[in-house]
Amino acid sequence: DAEKEAELAKIEKEREIQERRLQEAHAAKLKQIEVEEAAERARQAEKETKQLKEAEDERLRQVAAAEAKAKTEAEKASLLEKAQASYETAHKEIKARRADKSKALEGRLAARRKRRAAELERDVVQQNREAARLKKQAAQQHAQAVELKAAAAAVKRGRGDVP
């Protein structure tokens, strides 16, 4: 009877050991899955950060092009106004009526050019705002990626994979 009890206790103990090993293996597998998921999230965040940076760079290129275009338009308007004033002064007595008509037309054209330059300037300001927003978003994504990398490294160290 005592032998049977000892045998049963031994079997029970072996079963508990096997169950504990199974639980440990299961926990290790879960930990490995967590590490892999964290690494995937870090890769995904880094990919998104790269995409945001590329979008920001493109937006900055667009802003620079728009600024250059606005500057050129303003310079053209300024040069045209100077040339027109010079022309009007030189031919004032000879072509008074033509000069008046031309001046009125140029006034409308200059006003149109100034409005266009103002529109371009507004576009530049809006694009600068968008670029700043994208830059801030990219910085946040980068910070998240760094945190996820650090967490993945900490999990690997805790598992003993990394020295």
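Residues numbered from 1 in each chain as written. Predicted model: local features only at pLDDT ≥ 70, side-chain atom pairs only at ≥ 80, totals over all residues. Heavy atoms only, no water.

Observations regarding the overall build of the protein chain
Step number 1: Of regular secondary structure, the protein chain possesses two helices and zero strands.
Step number 2: Relative to the 2.2 N^0.38 estimate, which gives 15 Å for 163 residues, the radius of gyration of the protein chain is 37 Å and therefore markedly larger than a compact globule would have.
Step number 3: Here the C-alpha coordinates of the protein chain stretch approximately 135 × 25 × 15 Å along the principal axes.
Step number 4: Within the protein chain, the proportion of its 163 residues that are buried is 17%.
Step number 5: Sequence separation of at least 24 residues holds for 85% of the intrachain contacts in the protein chain that already meet a minimum separation of 6. (Helix = DSSP H or I, 4+ residues; strand = E, 2+ residues; numbered from the N terminus. Rg over C-alpha atoms; globule rule 2.2 N^0.38 Å. Buried < 20%, exposed > 50% of the residue type's maximum accessible area, 1.4 Å probe, protein only. Contact = heavy atoms within 4.5 Å.)

Topic: the pattern of salt bridges
Step number 1: Throughout the structure, instances matching the rule amount to ten salt bridges.
Step number 2: One salt bridge in this structure joins K114 and E81, with 3.8 Å as the shortest N-O distance. Here K114 is found in helix α2 (residues 96-159), whereas its partner E81 is found in helix α1 (residues 2-90), with 33 residues between them in sequence.
Step number 3: The exposure class of K114 is exposed, given its relative accessible area of 52%.
Step number 4: Classification of E81 as partly exposed rests on a relative accessible area of 34%.
Step number 5: With its nearest N and O atoms 2.6 Å apart, the salt bridge here joins R133 to E130. Note that R133 and E130 are positioned in helix α2 at a spacing of three residues, about one turn of the helix.
Step number 6: Classification of R133 as partly exposed rests on a relative accessible area of 44%.
Step number 7: The exposure class assigned to E130 is partly exposed, which follows from its relative accessible area of 24%. (Salt bridge = Lys/Arg side-chain N within 4 Å of Asp/Glu carboxyl O.)

A look at the environment of E56
Step number 1: In this fold, E56 is placed in helix α1.
Step number 2: Measuring from C-alpha to C-alpha, the distance between E56 and A131 comes to 5.7 Å, with 75 residues separating the pair along the chain.
Step number 3: Apart from residues no more than four positions distant in its own chain, E56 is found in contact with A131, L134, K135 and A138.

Focus: the side chain of T49
Step number 1: Within the element layout of this structure, T49 appears in helix α1.
Step number 2: Residue classification places T49 among the buried positions, given a relative accessible area of 12%.
Step number 3: Excluding anything up to four places from it in sequence, T49 contacts A138, Q141 and H142.

With respect to the environment of R113
Step number 1: Mapped onto the elements of the fold, R113 is located in helix α2.
Step number 2: Residues in contact with R113, not counting those within four places in the same chain, are A77, L80 and E106.
Step number 3: Within the structure, R113 has its side chain in polar contact with the side chain of E106 (distance 3.2 Å). (Polar contact = N/O pair within 3.5 Å; in protein donor to acceptor, adjacent residues only side chain to side chain.)

On their own, these measurements won't tell you what the molecule is for.
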